[in-house]
Amino acid sequence: MQVRELTVPGALELTPRQFGDDRGVFLEWFAGAAFEEAVGHRLDLAQANASVSAAGVVRGIHFADVPPGQAKYVTCVRGAVLDVVVDIRVGSATFGRWDSVLLDDTDRRAIYLAEGLGHAFISLEDDSTVVYLCSAPYAPGREHGIHPLDPALGIDWPTVARDGSPLTPLLSPKDAEAPTLAEAEAAGLLPTWDAVRSFVATLGA
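Values in this document were obtained by computation on a predicted structure and should not be read as measured data.

Procedures and definitions
Residues numbered from 1 in each chain as written. Predicted model: local features only at pLDDT ≥ 70, side-chain atom pairs only at ≥ 80, totals over all residues. Heavy atoms only, no water. Helix = DSSP H or I, 4+ residues; strand = E, 2+ residues; numbered from the N terminus. Rg over C-alpha atoms; globule rule 2.2 N^0.38 Å. Buried < 20%, exposed > 50% of the residue type's maximum accessible area, 1.4 Å probe, protein only. Contact = heavy atoms within 4.5 Å. Areas by Shrake-Rupley, 256 points an atom, 1.4 Å probe, with all protein chains shown as cover. Lys, Arg positive; Asp, Glu negative; His and termini not counted. Charge placed at Lys NZ, Arg CZ, Asp CG, Glu CD. Salt bridge = Lys/Arg side-chain N within 4 Å of Asp/Glu carboxyl O. Pairing = 2+ DSSP bridges. Axes fitted to C-alpha atoms, helices over the stretch in contact; angles between N-to-C directions. Core = buried A, V, L, I, M, F, W, Y, C linked by side-chain atoms within 4.5 Å. Phe/Tyr/Trp six-rings, centres within 6.5 Å; stacked < 30°, edge-to-face > 60°. Polar contact = N/O pair within 3.5 Å; in protein donor to acceptor, adjacent residues only side chain to side chain. UniProt positions renumbered as here; feature names shortened; annotations may be inferred.

A.B. asks: What is the right way to look at the overall build of the protein chain in this model?
C.D. replies: Assigned secondary structure in the protein chain consists of four helices and 13 strands. Taking 205 residues into account, the globule formula puts the C-alpha radius of gyration at 17 Å, and the protein chain, at 16 Å, falls close to it. With respect to the principal axes defined by its C-alpha atoms, the protein chain has extents near 55 × 45 × 30 Å. Relative to its full complement of 205 residues, the protein chain shows a buried share of 45%. Within the protein chain, contacts between residues at least 6 apart in sequence are counted, and of these 80% link residues at least 24 apart. Of the roughly 10000 Å² of accessible surface on the protein chain, 53% is carried by carbon and sulfur atoms. A distance of 4 Å separates the average location of the 15 positive side-chain charges in the protein chain from that of its 28 negative side-chain charges.

A.B. asks: Could you clarify how one ought to interpret the side chain of Asp-175 in this entry?
C.D. replies: With respect to the element layout, Asp-175 can be found in helix 2 (residues 173-176). Lys-174 provides the closest opposite charge to the buried, salt-bridge-free Asp-175, at an N-O distance of 6.5 Å. Among residues more than four places away in sequence, those in contact with Asp-175 are Val-58, Arg-59, Gly-60, His-62, His-147 and Pro-148.

A.B. asks: Help me out: how do you make sense of the sheet that holds strand 6 (residues 58-64) in this one?
C.D. replies: Each strand in a sheet pairs with another by means of backbone hydrogen bonds, the pair being arranged parallel or else antiparallel. Taking strand neighbours across the sheet as the criterion, the five strands line up as 9-8-11-6-13 in an open arrangement whose pairing is antiparallel. Two strands lie at the open edges of the sheet, namely strand 9 (98-104) and strand 13 (143-145), each paired on one side alone. Taken over all neighbouring pairs, the strand axes of this sheet differ in orientation by 25° on average, direction set aside.

A.B. asks: Just to check I follow, could you spell out the sheet that holds strand 10 (residues 110-113) for this structure?
C.D. replies: Taken in spatial order, the six strands of this open sheet run 1-2-10-7-12-5, and their pairing is antiparallel. Each edge of the open sheet carries a strand with a single partner, namely strand 1 (2-5) and strand 5 (47-53). For this sheet, the mean angle separating the axes of adjacent strands, direction not counted, is 20°. Taken together, the six bridges between strand 7 (residues 72-78) and strand 12 (residues 128-134) define a ladder with antiparallel strand orientation. Counted as the bridge partner of Lys-72 is Cys-134 from strand 12.

A.B. asks: When you look at the nonpolar core in this model, what are you seeing that I'm missing?
C.D. replies: Nonpolar side chains in soluble globular proteins tend to end up buried together. Counting 26 residues, the largest nonpolar core has Tyr-73, Val-85, Ile-111 and Tyr-112 as its most contacted members. The contacts of Val-85, once residues within four sequence positions are left out, are Leu-6, Val-8, Ala-11, Arg-97, Trp-98, Asp-99, Ile-111, Leu-113, Leu-117 and Gly-118. Counting residues in each nonpolar core, the second largest holds 21 residues, with Phe-63, Ile-146, Ala-161 and Ala-184 among its members.

A.B. asks: Would you mind going over the packing of aromatic side chains with me for this structure?
C.D. replies: Evaluation of the coordinates by the stated rule reveals five aromatic pairs. Seen in terms of ring centroids, Trp-29 and Tyr-73 are 5.7 Å apart; in terms of plane orientation they differ by 50°. Their pairing is tilted. Of this pair, Trp-29 sits in the loop between strand 4 (24-27) and helix 1 (32-39) while Tyr-73 is found in strand 7, placing the two residues 44 residues apart along the sequence. With centroids separated by 4.9 Å and ring planes inclined at 85°, the aromatic side chains of Phe-35 and Tyr-112 adopt a geometry described as edge-to-face. Here Tyr-112 lies in strand 10 and Phe-35 lies in helix 1, a separation of 77 residues in the sequence. Note on Phe-35: relative accessible area 2%, which makes it buried.

A.B. asks: I keep staring at the environment of Ala-110 and nothing clicks. Help me out?
C.D. replies: If you trace the backbone, Ala-110 turns up in strand 10. Excluding its chain neighbours within four sequence positions, the residues that come into contact with Ala-110 are Leu-12, Glu-13, Leu-14, Trp-29, Tyr-73, Val-74, Thr-75 and Leu-103.

A.B. asks: I'm lost on the side chain of Ser-51 in this one. Help?
C.D. replies: By secondary structure assignment, the location of Ser-51 is in strand 5. For Ser-51, the side chain forms a polar contact with the side chain of Tyr-132, separated by 3.3 Å. Excluding residues that lie within four positions of it along the chain, Ser-51 makes contacts with Arg-59, Phe-121, Ser-128, Thr-129, Val-130 and Tyr-132.

A.B. asks: Just checking my understanding: could you explain the UniProt feature "active site" (unreviewed entry) in the protein chain for this structure?
C.D. replies: Mapped onto this structure's residue numbering, the UniProt feature "active site" (unreviewed entry) falls at His-62 and Tyr-132. Spanning 71 residues, the annotated positions come together in the fold, the maximum distance between their C-alpha atoms being 13.2 Å. By the element assignment, His-62 lies in strand 6. Its place among the elements puts Tyr-132 in strand 12. Leave out the neighbours within four places in its chain, and Tyr-132 touches Gln-47, Ala-48, Asn-49, Ala-50, Ser-51, Arg-59, Lys-72, Tyr-73, Val-74, His-119 and Phe-121.

This is the structure we're talking about:
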């Protein structure tokens, strides 16, 4: 497993080693020991999710209150998505910065997002299937969103699908009505760098 730190602290790109033959391919898309060495603590698995998306579908930017937040370990088992992490931690030196990883069924990379980070992706192919390992269960009362097309964030969403056809972002009504980053900060919805840092420190204790 190759691990690369993204430009948003707390986010990692993980590339597995693949073993292929005439039967197909085998790989470990998550390895507990490698994860713990890279992150400094175990992934406390509380829930596993899957989503299937048409080309152009944008999901996110989603995040949860900290504590406990919701760390995610994400990969794409069919199709392709551009997965995006956003630093929404008020007080962070990289507040407002985003980074991305192409997740697809070729390189089979994964991305890890620690508690307190925003997460989104756009599907680059019909029926793209994304699976998530989550550190905490879904809890509607502490889940929030930021508009993925917020011009202040300036996320460079792809405009061309995997097959070369044009992409038009398709958002759920909930995501389309989400506040901008500035509006979410003004409303006190965002986690703070200090709160996230204090909580994450308890995970390795």
